[in-house]
Amino acid sequence: MSGVTVSKRGTIAVLYLVRGDLNQPRLWEEWAHECSNRVRFYLHPKFPDEVMSPWLKKAVISSRVATEYGTPSIIAAELALLKAALKLKTNSFFVLASESCVPIKPLRSLLQCLDEDGRSRLAMQTYDDLRLSIPHKATRFHHVPLLPRAKIRFHTQWWILNREAAEAVVEQPMLDLFAGVSAADESWPGTVLALRGYPWEERAVAADPTWTNWEATPQQPFPSSPKTYAEVSAATAEILRNSPCFFARKFSAESDIGRHGLHR
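Below: a short report on this structure. (Residues numbered from 1 in each chain as written. Predicted model: local features only at pLDDT ≥ 70, side-chain atom pairs only at ≥ 80, totals over all residues. Heavy atoms only, no water.)

1. Looking at the packing of helix 3 (residues 73–86) against helix 7 (residues 163–171)
Working step 1: Remark: helix 3 packs on helix 7, axes separated minimally by 10 Å, with the N-to-C direction vectors making an angle of 125°. Judged by the angle between their axes, helix 3 and helix 7 are oblique. Remark: the crossing between helix 3 and helix 7 carries left-handed chirality. Taken together, the residues of helix 7 that come into contact with helix 3 (itself represented by Leu 79, Leu 82, Lys 83 and Leu 86) are Arg 163, Ala 166, Glu 167, Val 169 and Val 170. (Axes fitted to C-alpha atoms, helices over the stretch in contact; angles between N-to-C directions. Helix = DSSP H or I, 4+ residues; strand = E, 2+ residues; numbered from the N terminus. Parallel < 35°, antiparallel > 145°, perpendicular 65-115°, else oblique. Left-handed = near helix turned anticlockwise from the far one by under 90°. Contact = heavy atoms within 4.5 Å.)

So, in structure tokens, the structure goes:
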């Protein structure tokens with residue numbers, strides 16, 4: 001593989017993997033407005049008839065797959081989004097987001113960061129680390145003996161890939177290896193890049209681009225879903241403002257997150 005080859009003034013492709021419309025479409029419109037020539041949108045809706053925002057209707061990709069939560073169909077949808085966005089040669093970075101995601105940093109901040117170093121952003125754990133930190137998630141791979149344990153990488157679903165990494169994943173997506181993996185989207189594309197010998201340590205930042213509050217409790221140390229926000233307090237807004245992340249989830253359609261102006 002070649003070194004990192006990304007356009008320093010290329011565009012960012014935001015890939016929305018959603019059920020229908022975004023929960024906070026106005027925030028995304030305002031976020032993109034200041035540098036609209038540097039961002040492109042791609043939408044894979046589970047229910048296309050529920051996409052209401054005119055600008056999002058234009059972003060719906062032509063190739064879609066039937067998705068089911070927790071199954072490899074999710075990574076097939078992500079692959080469809082990547083393939084669609086890679087057709088535009090100016091797209092240098094690819095951001096995955098859901099309908100409950102919102103931007104919590106201005107677009108100019110993200111552009112400055114990516115323009116400066118050109119690296120992907122995805123926090124990954126090895127299989128051995130996963131067995132120690134979140135043992136029940138390591139059992140996801142018990143039914144896939146063909147997947148080398150030394151190459152398994154676990155991460156959140158949300159990532160930023162530069163063009164080099166995105167092209168490597170699309171060139172050899174290896175979907176068949178994930179057929180028996182629950183929530184396979186939390187190990188693809190990291191595992192694919194590891195299997196391909198991609199030098200992640202040199203060409204990526206080990207950081208989650210999207211903030212999420214899993215809010216563990218003594219009764220539920222490993223919650224099955226993150227906290228959803230409707231009313232966002234000043235204290236929570238300050239946590240988001242000081243976070244190194246560029247996006248956050250999960251915010252409902254009724255959420256007042258916009259009043260804090262984090263995306264401007």
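There is more to say after this.
2. Topic: the pattern of salt bridges
Pairing of side chains with opposite charge becomes possible as their charged atoms draw close.
Working step 1: As enumerated under the stated definition, the model contains 15 salt bridges in all.
Working step 2: A salt bridge links Arg 264 to Glu 30, with the nearest nitrogen and oxygen atoms 3.3 Å apart. Within this pair, whereas Arg 264 is found in the segment after strand 11 (247–249), its partner Glu 30 is found in helix 1 (residues 25–33), the two being separated by 234 residues in sequence.
Working step 3: Judged by relative accessible area, which is 51%, Arg 264 ranks as exposed.
Working step 4: Classification of Glu 30 by relative accessible area gives partly exposed; the value is 29%.
Working step 5: Glu 164 is the salt-bridge partner of Arg 203, the closest N and O atoms lying 2.9 Å from each other. (Salt bridge = Lys/Arg side-chain N within 4 Å of Asp/Glu carboxyl O. Buried < 20%, exposed > 50% of the residue type's maximum accessible area, 1.4 Å probe, protein only.)

3. Some thoughts on the pairing of strand 2 (residues 39–45)
Working step 1: Within strand 2, six of the seven residues are buried, which leaves it mostly tucked inside the rest of the structure.
Working step 2: As defined by bridge partners, strand 1 (residues 11–18) adjoins strand 2 across seven bridges and the pair is classed as parallel. Bridging across to strand 2, Tyr 16 finds its partner in Leu 43.
Working step 3: Handedness of the crossover is the feature at issue here: the chain leaves strand 1, passes through helix 1, returns alongside strand 2, and the resulting connection is right-handed. (Pairing = 2+ DSSP bridges. Right-handed = clockwise from strand over helix to strand, strands pointing away.)

4. Structural notes on the sheet that holds strand 4 (residues 102–103)
Working step 1: If you trace the three strands from one edge of the open sheet to the other, you get 4-11-10, paired in mixed fashion. The open sheet is flanked by strand 4 and strand 10 (210–212), the only strands paired with a single partner.
Working step 2: As paired elements, strand 4 and strand 11 share two bridges and run antiparallel to each other. Residue pairing across strands places Val 102 opposite Ala 248, the latter belonging to strand 11.

None of this, on its own, says anything about what the molecule does.
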